[in-house]
Amino acid sequence: MTDVGTPPQAIDAVPLRHPWRWVAAAVILILVGLFLYGAATNPAYGWSTFGEYLFHERILLGVFNTLQLTVYSMAIGIVLGVILTMMRLSSNPVLGAVSWVFLWIFRGTPVYVQLAFWGLFPTIYQNLQLGVPFGPSFFHINLQSLSIPFALAVIGLALNEAAYMAEIVRAGITSVPEGQFEASTALGMSWGMAMRRTVLPQAMRVIIPPTGNEVISLLKTTSLVTAVPYAFDLYSIATREIAARIFEPVPLLMVAATWYLIITSVLMVGQYYLERYFSRGASRKLTTKQLEALAKAQMGTGV
């Protein structure tokens, strides 16, 4: 017990020593150094070929196409994911059932299988027609006469991504207490205004981190569009076009991995700043005033 008016004495804290941390760090550095030296001196890596093709025009074309696939698919996936979330949270049982079946199918089957199906779509449905049943046709397209592997790849990736984004958005919205929405509507806000000004700003703290992870995952998933088949993404150009021609798969795999790493690093930086922006006012650290009030409260109770 301490007197109420007596300030607490300073604590002479002695930091603990952790010698094994330094030993572990030294061992890791030695192992990393040995690996880097072995990789630098191993001719199988083909570093000259790596440097030659790192900024090759065909590789840069693959990077551009991969970014297009990622951006288009993610944009469509987010929009469809929000729609599916609204359907899932709707009181209409039909909309809820349709949303649940969509999620069940696209989350329950491998994305490679889905892309392969979309690649076979022009074979399964050779003609698309719009018109009166057993009557005149107003619109007709022969899918086999079109070259649409890029569009099919975007559709396949977007529908798969929409299933996951729907669950992410739903988790974010349901994380906001219902009282927030009810209070907003009591103040005269419409449903859309309450969602835009009250619910979504708070839900974004939960939505942004997994969404950033989904963007990075989608970027790497684009390497599977060969199932469509679409052969102009980064992975396909590096491994199936250039590596197959020069018979050096390892350096071209390193080229593709380097570009994937560069792009994901940029995306991770953007995700960090987005998370920091939407987490404003939600810091878990106590402010100076809060710490002073806590200290006074503890002194007042004699702790």
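Along each chain, residues carry numbers from 1 onward, in the same order as the chain's sequence is written. Only residues with pLDDT of at least 70 get local features here, since the model is predicted, and only at 80 or more are side-chain atom pairs given and counted; chain-wide, interface and lining totals rely on the full set of residues. Water and hydrogen atoms play no part in the side-chain values, which are based on all heavy atoms of the structure.

**Q** Please give an account of the overall build of the protein that cites residues and values.
**A** A run of DSSP states H or I qualifies as a helix once it reaches four residues; a run of E qualifies as a strand once it reaches two. Both are numbered from the N-terminal end. Assigned secondary structure in the protein consists of 12 helices and 2 strands. Each helix and strand of the protein, placed in order from N terminus to C terminus, yields the pattern α-α-α-α-α-α-β-β-α-α-α-α-α-α. Taking all 303 residues of the protein together, the buried fraction comes to 31%. Any pair of residues with heavy atoms lying within 4.5 Å of one another is described as a contacting pair. The contacts in the protein between residues at least 6 apart in sequence include a share of 73% that link residues at least 24 apart. Summing over all exposed atoms, the protein offers an accessible surface of approximately 19,800 Å²; the carbon and sulfur share of this is 68%. The buried label applies to any residue whose accessible area, calculated with a 1.4 Å probe on protein chains only, is under 20% of its type's maximum; exposed applies above 50%, and partly exposed to all values in between. Note on areas: Shrake-Rupley with a 1.4 Å probe; residue coverage comes only from the protein chains shown.

**Q** For the side chain of Thr85, give the residues involved together with the corresponding values.
**A** Among the secondary structure elements, Thr85 is positioned in helix H3 (residues 57-89). Think of a polar contact as two N or O atoms within 3.5 Å of one another; within protein, one of them needs to be a possible hydrogen donor and the other a possible acceptor, and neighboring residues in sequence only count if both atoms come from side chains. At 2.9 Å, the side chain of Thr85 and the backbone oxygen of Ala166 are in polar contact. Thr85 has contacts with Met165, Ala166, Val169, Arg170 and Ile173, leaving out every residue within four places of it along the chain.

**Q** I'd like a description of the environment of Gly77, backed by residues and values.
**A** On the secondary structure map, Gly77 appears in helix H3. Since its relative accessible area comes to 0%, Gly77 is described here as buried. Taking C-alpha positions, Gly77 is 7.6 Å from Asn160, a pair spaced 83 residues apart along the chain. Here Gly77 is in contact with Ala158, Ala162 and Met165, once residues within four sequence places are set aside.

**Q** Account for the environment of Thr70, naming residues and giving values.
**A** Its location among the elements puts Thr70 in helix H3. Placed 145 residues apart in sequence, Thr70 and Val215 show a C-alpha to C-alpha distance of 7.3 Å. Apart from residues no more than four positions distant in its own chain, Thr70 is found in contact with Val215, Leu218, Leu219 and Thr222.

**Q** Describe the packing of aromatic side chains, and please don't skip the residues or the numbers.
**A** Describing an aromatic ring pair means giving the distance of the ring centres and the angle of the ring planes. Pairing of aromatic side chains requires ring centres within 6.5 Å, counting the rings of Phe and Tyr and the six-membered ring of Trp. Pairs whose planes differ by under 30 degrees are stacked, by over 60 edge-to-face, and all others tilted. Across all of its chains, the model carries 13 aromatic pairs by this definition. Ring geometry for Trp47 versus Phe50: centroids 5.5 Å apart, planes at 80°, classification edge-to-face. Of this pair, Trp47 and Phe50 both sit in helix H2 (residues 47-53), 3 residues apart, which is roughly one turn of the helix. Exposure remark for Trp47: the relative accessible area of 35% places this residue in the partly exposed category. Here a set of aromatic residues connected by ring pairs shows up, and it is made of Tyr72, Phe150, Tyr230 and Phe232.

**Q** Tell me about the pattern of salt bridges, residues and numbers included.
**A** For salt bridges, the criterion is a side-chain nitrogen of Lys or Arg within 4 Å of an Asp or Glu carboxyl oxygen. Taken as a whole and judged by the stated rule, the model has 4 salt bridges. Two residues, Glu241 and Arg58, come together in a salt bridge whose shortest N-O distance is 2.9 Å. Taken together, the residues span a long stretch of sequence, with Glu241 in helix H10 (residues 234-246) and Arg58 in helix H3 at a distance of 183 residues. On the basis of relative accessible area, Arg58 is assigned to the partly exposed category, the value being 24%. Between Glu167 and Arg107 there is a salt bridge, and its shortest N-O distance comes to 3.7 Å. Taken together, the residues span a long stretch of sequence, with Glu167 in helix H7 (residues 149-174) and Arg107 in helix H4 (residues 93-108) at a distance of 60 residues. Arg107 sits in the partly exposed class, given a relative accessible area of 42%. One salt-bridge network, held together by shared partners, links Arg88, Arg107, Glu167 and Arg170.

Function cannot be read off these values alone, since they describe shape.
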